[in-house]
Protein chains: 2
Amino acid sequence: MSRTAVIAGQGGLAPAVIAALDDPLVYALDGFAPPVPATPFRLERLVPFLDRLIEHGVDRVIFAGAVRRPRLDPEAFDPRTAQLVPRILTALQSGDDAALRMVLDIFEEHGLTICGVDQIAPDLVPEAGILTGAPTDSDRRDAARAARILSHMGDLDLGQGAVVAQGLCMALETQPGTAAMLDFAARHTGLRPDPTGAKGVFYKAPKPGQDRRVDLPTIGPDSVDQAAAADLAGIAWQAGGVILLDRQQTVQRARAAGLFLWARPQEGI
Amino acid sequence: MSRTAVIAGQGGLAPAVIAALDDPLVYALDGFAPPVPATPFRLERLVPFLDRLIEHGVDRVIFAGAVRRPRLDPEAFDPRTAQLVPRILTALQSGDDAALRMVLDIFEEHGLTICGVDQIAPDLVPEAGILTGAPTDSDRRDAARAARILSHMGDLDLGQGAVVAQGLCMALETQPGTAAMLDFAARHTGLRPDPTGAKGVFYKAPKPGQDRRVDLPTIGPDSVDQAAAADLAGIAWQAGGVILLDRQQTVQRARAAGLFLWARPQEGI
């Protein structure tokens, strides 16, 4: 029998993915308990863990949710995983992308297929369209500018979000993450050149060249609250490249707050 | 007689430049009073203003200090400046770089030479060297990463500062400016992967391709206070490309706070 294993991280994605699957096995990296029941595993014992997946008939694996880099305990390695230590250490000292690619490679070398969220639960990854509200021409220009900034920054393996208002970049996502960036934008709304003009757009996109099977950026009801607190006009994102959690609740909150939600086609403005 | 005119902006640069000159004429854009006595002029009457400079025997002009984009009053234009309106409007709607280039062009078309701070007061633009403290190897790697990020972002006409700690980009300068970026970094010091490891570096550089005669980034005593509040190891900047205000006070404060100050050679690490 063919089964799917979910590597559950923190945040709301793992429950949404699990709900879309038929009886998956659920695991989580030890120390990063997800909001769902999950069997813990340790990176120091990765090879025995992969063997166990195979024994359970798993052939597909899906990574769902945020995981921070674990601290490794040198005593905890089993002999076979220990042989991977040079690769693991190199990866952990690289950017996020390189670290993830290494993990995916090791899974695949054990005969497992990594699936993206869009393959398992396409409803979670909206295609192009406006979900609520109506971006103005100014908003569309701000979204286009933000998209250009993020696509340009991709080689740097930095964040996946930006805030642009009236053509000016008000905030860029860095290590502290999206909520911190929107909090920053909220502190500096007074800098818009025209106080009565366009309020600005929070834009989100995967890194160019990013492996889309893992770590697609996520937005959800909290993003709406944070964007509203920053007094923005709406949220736009690269259609097909961003996971939308709890669509109904997200749209409801955006409508209540007067924000638009726009899955923006990559080539459009 | 050949004279120099200083277009004084806000911040500490104008007083430092004026102190280095012999009897300069000092002007300031109306509405942006600098911390020195200055004759105001309006962008709407730019051409008569340039004529006045020529009449006073001015042949060199130096821009010193920050100016935000002025709001224009359509009623206030004189007929000759009105002919420049299309260029002025285009420039004001472009990035900072394009706006500045247009202003410089108009000055030069009137026969005035724009001088950089490094030509007038070379002491204000430190060449490569460590002014206090000692960056560790980790600090040097963090500075190198920050330099790479900023050089890569230059085409986007964004900020001129970054904070990198343990290889991770903790903050990028955007429209709200340096102090806001360092305040952001101060809020998120807890995200360094190794709490006892390298604290991180605040790095500053001109935009690649920027006209170095105007708007070089500036650091000074306040930068030290802000970097210390963000619990950083030190401040590094592109040697020859950043203005250091009040060197004595800046070095004293850095020494007292245990921060290094490093004018980093562009090619070095």
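Source: prediction; values computed, not measured.

Q: Quick rundown of the pairing of strand β8 (residues 168-172) of chain A? Include the residues and the values.
A: Residue and element names in this part refer to chain A. Burial within β8 is extensive, with 5 of its 5 residues counted as buried. Relative to β8, strand β7 (residues 161-165) is paired through 4 bridges, and the arrangement is antiparallel. Residue pairing across strands places A162 opposite L172, the latter belonging to β8. Linking β7 to β8, which pair antiparallel, is a turn of 2 residues; within it Q166 sits at a positive phi near 50°.

Q: Tell me about the interface of chain A and chain B, and please be specific about residues and values.
A: Counting from both sides, the interface comprises 28 residues of chain A and, opposite them, 28 residues of chain B. Both sides of the chain A and chain B interface together cover about 2,500 Å² of buried area, and 66% of this is carbon and sulfur. A per-residue breakdown of the area chain A buries against chain B is headed by A:H152, A:L156 and A:Q175, which together make up 23% of the total. Connecting chain A to chain B are 0 salt bridges. At the junction of chain A with chain B, the criterion picks out 5 residue pairs in polar contact (both at pLDDT 80 or more). For the side of chain A that touches chain B, the secondary-structure elements that each account for two or more residues are α7 (137-153), β8 and α8 (178-187) of chain A. Residues belonging to the side of chain A that touches chain B are distributed by class as follows: 16 nonpolar, 4 polar and 8 charged.

Q: Talk me through the side chain of A:H188; I want residue IDs and the actual numbers.
A: Mapped onto the elements of the fold, A:H188 is located in the loop between α8 and β9 (201-204). A:H188 has contacts with A:M170, B:P176 and B:A180, leaving out every residue within four places of it along the chain.

Q: I'd like to hear about the nonpolar core, residue by residue, with values.
A: If you look at the biggest cluster of nonpolar residues, it comprises 52 residues, and the most contacted ones within it are A:V163, A:I235, B:V163 and B:I235. What A:I235 contacts, discounting residues up to four positions off in sequence, is A:F202, A:I219, A:S223, A:V224, A:A227, A:L259, A:F260, A:L261 and A:W262. Ranked by size, the runner-up nonpolar core spans 38 residues in total, among them A:L158, A:A236, B:A233 and B:W262.

Q: Can you explain the sheet that holds strand β3 (residues 39-41) of chain A? Please cite residues and give values.
A: All names here are of chain A. Spatial strand order, β3-β2-β1-β4-β5: 5 strands in an open sheet with parallel pairing. For this open sheet the edge positions go to β3 and β5 (113-115), each flanked by a neighbour on one side alone. Pairwise comparison of adjacent strand axes, ignoring direction, gives a mean angle of 35° for this sheet. Of the strand pairs in this sheet, strand β4 (residues 58-64) and β5 are connected by 3 bridges, and their pairing is parallel. Paired with I62 across the strands is C115, a residue of β5.

Q: Describe in detail the relation of the copies chain A and chain B, supporting the description with residues and values.
A: A rotation about some axis, followed by a shift along it, carries one copy of the chain onto the other. It takes a turn of 180° to lay chain A on chain B, together with a shift of 0.0 Å along the axis; the resulting RMSD is 0.0 Å. Such a combination of rotation and displacement between the chain copies is what one expects of a two-fold axis.

Q: Let's hear about the environment of B:S138: which residues, and what values?
A: Residue and element names in this part refer to chain B. Position of S138 relative to the elements: it lies in helix α7 (residues 137-153). For S138, a relative accessible area of 27% translates into the label partly exposed. With 59 residues separating them along the chain, S138 and G197 place their C-alpha atoms 8.7 Å apart.

Reading guide: rules and limits
Residues numbered from 1 in each chain as written. Chains lettered and ligands numbered in written order. Predicted model: local features only at pLDDT ≥ 70, side-chain atom pairs only at ≥ 80, totals over all residues. Heavy atoms only, no water. Buried < 20%, exposed > 50% of the residue type's maximum accessible area, 1.4 Å probe, protein only. Helix = DSSP H or I, 4+ residues; strand = E, 2+ residues; numbered from the N terminus. Pairing = 2+ DSSP bridges. Contact = heavy atoms within 4.5 Å. Buried area = accessible area lost by both parts, 1.4 Å probe. Salt bridge = Lys/Arg side-chain N within 4 Å of Asp/Glu carboxyl O. Polar contact = N/O pair within 3.5 Å; in protein donor to acceptor, adjacent residues only side chain to side chain. Nonpolar A, V, L, I, M, F, W, Y, C, P; charged D, E, K, R; others polar. Core = buried A, V, L, I, M, F, W, Y, C linked by side-chain atoms within 4.5 Å. Axes fitted to C-alpha atoms, helices over the stretch in contact; angles between N-to-C directions. Least-squares fit on C-alpha atoms with pLDDT ≥ 70 in both.

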